Amino acid sequence: MCERGIGWLSLCLLLGVLAGCGGSGGSDSGGGNPGGGNPDGENPGGEVPDPEGQGRVFTVAPGEDATQSMVDAMIQLKPKDVLQFECGFFELDQGLLIQATEDVTIQGCGKDKTVLSFRDSVNVTGLEALNVRGITVKDLTILDSPGDAFKLKGVKWGTLSKVRAIWSGGGEPITAANYSGRLQVACTAPPLNEGDPAPDYVPSSSSGRYGIYPVESEYILVEDSESIGASDAGIYVGQTDTTIIRNSRAAYNVMGFEIENVRGGEYDNNVAECNTGGFLIYDLENITRYGDTSVMVNNVARNNNTYNFAHSGLVSMVPRGVGFITLGYDNIEVYDNLFEDHSTAAILYISYELIDGPGQTADKKLDPYTEGLHIHDNVIRNSGYSLPPPDLEAAANGDIQTLLPMMIGLKNLPTINDPSELLGSLDNLFNLGRGAHIIWDGLLDELDADCPYPVDANGDPVPADANGKPIHTNQHPNPSCHYNAYKFDGQGQRKLPQWGSCIHDNQFDEDSVPYLNFHGTDGLEVVMALAEQDLSLLDPAELLEVIQGLLNLPSDRKLADHDCQARFGKLLAPLPRVTIPPFEPSGEHDPAVSEEYVKFLCEAETAESAINRPALAVDCPRLDQYNLFADPADPRSLPHEGGVPFVLNTKLFSDYATKYRVAFIPPGEQAVYQDGQGGANPNGAIEFPLGTVLAKTFAFTDEEQGTEQLVETRLLIKRENSSGNAYWAGLPYIWDEDGVARLAMGGGARAVSWHYRDVDSGAVISGDTERYNIPNANQCITCHGNDDQATGSPPIGPKPRNLNLAYRPESTFMGEQGQGGFPRVNQLQYWVEQGLLAGAPQLQIDSRGVATNVPRLPHWNVAGDGGEAAHSPADIEQRLRAYMEVNCQHCHNDKGAASNTGYYLDHFRDVDAGYGICKKPTATGGGSCGRQHVVVPGNSEASIVTCRMEAEHDPQRMMPPIARSVADDEAVALLRQWIDTVVDDSYTNAGACQ
């Protein structure tokens, strides 16, 4: 029995300890493993756990204690548990975060009766579920979330049923006193322009980004739900496999509904009204993967004419008054829908070529064109009657997308014989002509016979679907060209109708032109010339000349071009409806451990210098119960059982805290050396054995006063669950005034100050904050969890490249005492010599104590530390990249919490679009700061990343979003220096900012 993993080992060690101390009861205690399971079927407290795990109900009531009750419940959720919000109005100052569990339910007592207000929350998201297998959220409303209202990421089997996301918008706030009359929002007269009367609802760009936002997930169902007022999309599913959105409503959002980069999507029986645009099915560039095959059936899109109030990004380019848009997405069937009352078009069918120019889409993995589009048996009424005016200032600065409606109108002018007849009848110079029911940009690619089939990072062909189309992901390198041979036959002719479109049997009202093909950007030069003129100086003769030229532009209304039956003798085949399979539990998550069992292990007597290793299986209420340190009241003292203090070259910024880190590797065990393998394993920290404990203590040093305040100690413990799977438990402990660190799974906050000389840069740093934030246990998982690591909170700091230096404490406060007196030698070499690290190469140590033959991150704040000439462009970039790797990459990688952004910052990645160069934001809202690109060469003021890193007290913008309350001013200065003086137009993708 004692040969099986840490779970069984904990029992054996405990029995041995009790026997050695003369303890009793060991033979009755049964066994316990680190995941809380019970191999012997007995509980030490005398209770036998229910093997079926029927689950518990945690109830949260409105009132002052609601936030703490919610947090206490959410960090405990196990399979089949329910978190129940009672009826009423809740004012919550933290977000609801569900992590690393399965088969749980979050519910209220009705979306009109349970309202969770996050107006004053310190977190960007209202409800967020990360890496959860099986979650149902139902019967409640989320109000005024700073960012997203409902977010599911990395969820398999997620259901959102009878929920509402709503923002107060530009009107009076929704409160406990008025919510019963404000939740029902009608759609009668949306504001066509900012400042127009808005009798039903006043939209606001300060509202959060997404209402309902499942992303990078699988088997998602959104039903009987609603979103009101999102500054990006109301109900969105993105980068997901197999999703259904049905019987739901979106109103007064910028985009009502979005299906983005989804494989297997379905809109069924939804209503989109009073948004800027109703429905969208598209692929976004430079993110994790690309979509295919979606069905839109039985929906209503009506009166989506609200002006566009988005901050930036692709959605900010959507013209008001569109029922359905598709862009760069293959295989869509749109049938049995009603489209009515749209001022630009019922359906807008466009490509990235219209946005970027022919062949200029920087992401060559993305197919810029929508093909396999089947539009039939829809009812379409009253379209294109009032085109929105262009933003001439934006157009003059190169943002020509705002000219699209104007160009459509100019190409759809009434047939006249004399242009002078038109001039006298103009009501609005920029509302020439009308839109149409269906508008196509007319753009398709031609065969690129010289473009080879794309390959992956190993040079092997990228997988292909049944049609020969490459199935790209963000792990594949960006090809030099867009491969499209699969669309063409052996004679170079396009395979039709498969890679075209079929439009038939729709009921068009005669109030509008049924169809317009405006042939892309032909004639755009004239429109741009018009935009750049001082219009007040244009005399009638000049205007007539411009209009006469536009009248000759090649546009047509030949809907017969899409009559597939007449042209090809067949239609596009019906697409399959989406089916979500029944939920299957993984069995990887154990039920909760009884309090009696925890007490039994944590209060066991332990030898003076021995760690209480059996207790590592559970979450002890006090840090000292693990007996990790020589002085139980001081985690800066020497560790027990050969624990090894360590430091990092570049550390995570946490409000200028000083940190004391220790690795406790079980006696006789070894960690295994691994690093990034040249980019193949960017998240790969050292592989630690079961039973390892990593401790990190946060302190605030005041060298003027000669004090150092201990605030928190976080533990990462590598455990094993009852199924034999390893996972990392993250436990936060907060130090009280009596020198005792107590378990605080719900986190906390402290007022702190600091004044010390940085041991690396020599700079004196001082400041204070009223709210240094201690993350709760679920927030720990947000930063630490990566799909390619063990579940839970695996370590992110101890990578060899960040451990490659001689040990030296971050603070001089301890002098030579405790960990301050630990040997000042290369840490990797020391671990090897002590038998703690296996698999490392033969290290070559220089005079600085640095191994020169393995990777190393430099100290980000020491010029020239990485070997480049101090303050040279290469040095600035090297140090900036080290900082971003340690402070941002743990989320911003293709396996992390921010994988859906397509913005990745690992040490091995090329500095291109994936690193933010001219990359458009995935979502808008306040987090984009009104800027269009993540990094703009030579212009830190226009770069989103600068705004995010320097933000304080704004949960929409702060990045990182947790574990800091102030900005790292020195790091922001380095970031600005890099963007302004190093990044130029020679960087890959730099031209995409224009």
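Caption draft 1: Molecular detail of the nonpolar core. By size, the foremost hydrophobic cluster in this structure holds 111 residues, and its most contacted members are Phe 85, Ile 98, Ile 106, Phe 150, Tyr 626 and Leu 715. Among all residues touching Phe 150, those that are not within four sequence positions of it are Leu 127, Val 137, Leu 140, Ile 142, Leu 160, Val 163, Arg 164, Ala 165, Gly 211, Ile 212 and Tyr 213. One finds Tyr 883, Val 935, Val 945 and Tyr 987 within the second-largest nonpolar core, a separate group that totals 43 residues.

Caption draft 2: Spatial organisation of the packing of aromatic side chains. Counting across every chain of the model gives 29 aromatic pairs. Seen in terms of ring centroids, Phe 653 and Tyr 656 are 4.8 Å apart; in terms of plane orientation they differ by 85°. Their pairing is edge-to-face. Classification of Tyr 656 as buried rests on a relative accessible area of 10%. Cluster of aromatic residues (ring-pair linked, three or more members): Phe 653, Tyr 656, Phe 700, Trp 754 and Tyr 772.

Caption draft 3: Representation of the sheet that holds strand S17 (residues 255-260) within the structure. Here eleven strands make up an open sheet; going across it, the order is S4-S7-S9-S11-S14-S17-S20-S23-S26-S29-S32 and the pairing parallel. The two strands at the open ends of the sheet, each matched to only one other strand, are strand S4 (96-99) and strand S32 (515-517). Strand-to-strand twist across the sheet, computed as the mean angle between neighbouring axes with direction ignored, equals 10°. Bridging between strand S7 (residues 127-130) and strand S9 (residues 150-153) involves four bridges; their strand directions are parallel. Looking at S9, one finds that Ala 129 is bridged to Leu 152.

Caption draft 4: Up close: the side chain of Asp 268. Position of Asp 268 among the secondary structure elements: in strand S18 (residues 263-268). Here the side chain of Asp 268 touches Arg 577 through a polar contact of 3.0 Å, side chain to side chain. In this structure Asp 268 touches Ile 245, Arg 246, Asn 247, Val 297, Asn 298, Asn 299 and Arg 577, once residues within four positions along its chain are discounted.

Caption draft 5: Summary view of helix H6 (residues 404-411). Burial of H6 is extensive: eight of the eight residues sit out of reach of the surface. Considered for burial, the residues of H6 that qualify are Leu 404, Pro 405, Met 406, Met 407, Ile 408, Gly 409, Leu 410 and Lys 411.

Caption draft 6: The pattern of salt bridges, seen in detail. All told, the structure shown has 44 salt bridges when counted by the stated rule. Its salt-bridge partner being Arg 119, residue Asp 144 comes within 3.0 Å of it at the nearest N-O pair. Taken as a pair, Asp 144 in the loop between strand S8 (133-143) and S9 and Arg 119 in the loop between strand S6 (114-117) and S7 lie far apart in primary sequence, 25 residues in all. You can call Arg 119 partly exposed: its relative accessible area is 45%. Where Glu 218 meets Lys 156, a salt bridge forms, and the shortest distance between an N and an O atom there is 3.9 Å.

Caption draft 7: Quick peek at helix H11 (residues 595-602). Regarding H11, the residues found buried are Tyr 597, Val 598, Leu 601 and Cys 602. Axial view of H11: buried residues confined to an arc of 120°, hence all on one face. The exposed residues of H11 that point more than 90 degrees off its buried face are Glu 595 and Lys 599.

So, how was this worked out
- Residue numbers restart at each chain and count upward from 1, following the sequence in its written direction.
- At least 70 in pLDDT is required for a residue's local features to be given in this predicted model, at least 80 for side-chain atom pairs to be given and counted, and no such filter applies to totals for whole chains, interfaces and linings, which use all residues.
- To get the side-chain values, take all heavy atoms of the structure and skip hydrogens and water.
- By nonpolar core is meant a set of buried Ala, Val, Leu, Ile, Met, Phe, Trp, Tyr and Cys residues that side-chain atoms within 4.5 Å join together.
- Relative accessibility under 20% of the residue-type maximum defines a buried residue, over 50% an exposed one, and the middle range a partly exposed one, all with a 1.4 Å probe and only protein chains included.
- Only heavy atoms matter for contacts: two residues are in contact if any of them lie within 4.5 Å across the pair.
- Two rings belonging to Phe, Tyr or Trp (six-membered ring only in the last case) form a pair when the distance between their centres is within 6.5 Å. Interplanar angles under 30 degrees mark stacking, angles over 60 mark edge-to-face geometry, and anything in between is tilted.
- The criterion for strand pairing is that DSSP finds at least two bridges linking the strands in question.
- Secondary structure elements are defined from DSSP: runs of H or I of at least 4 residues count as helices, runs of E of at least 2 residues count as strands, and each element is numbered from the N terminus.
- Here the axes come from fitting lines to C-alpha atoms, over the contacting stretch only for helices, and the angles between their N-to-C directions go from 0 to 180 degrees.
- Two N or O atoms form a polar contact when they lie within 3.5 Å of each other; inside protein one atom must be a possible hydrogen donor and the other a possible acceptor, and for residues adjacent in sequence the pair counts only when both atoms belong to side chains.
- We define a salt bridge as a contact between a side-chain nitrogen of Lys or Arg and a carboxyl oxygen of Asp or Glu at a distance within 4 Å.
- As used here, the arc is the angular range of directions from the helix axis to the C-beta atoms.

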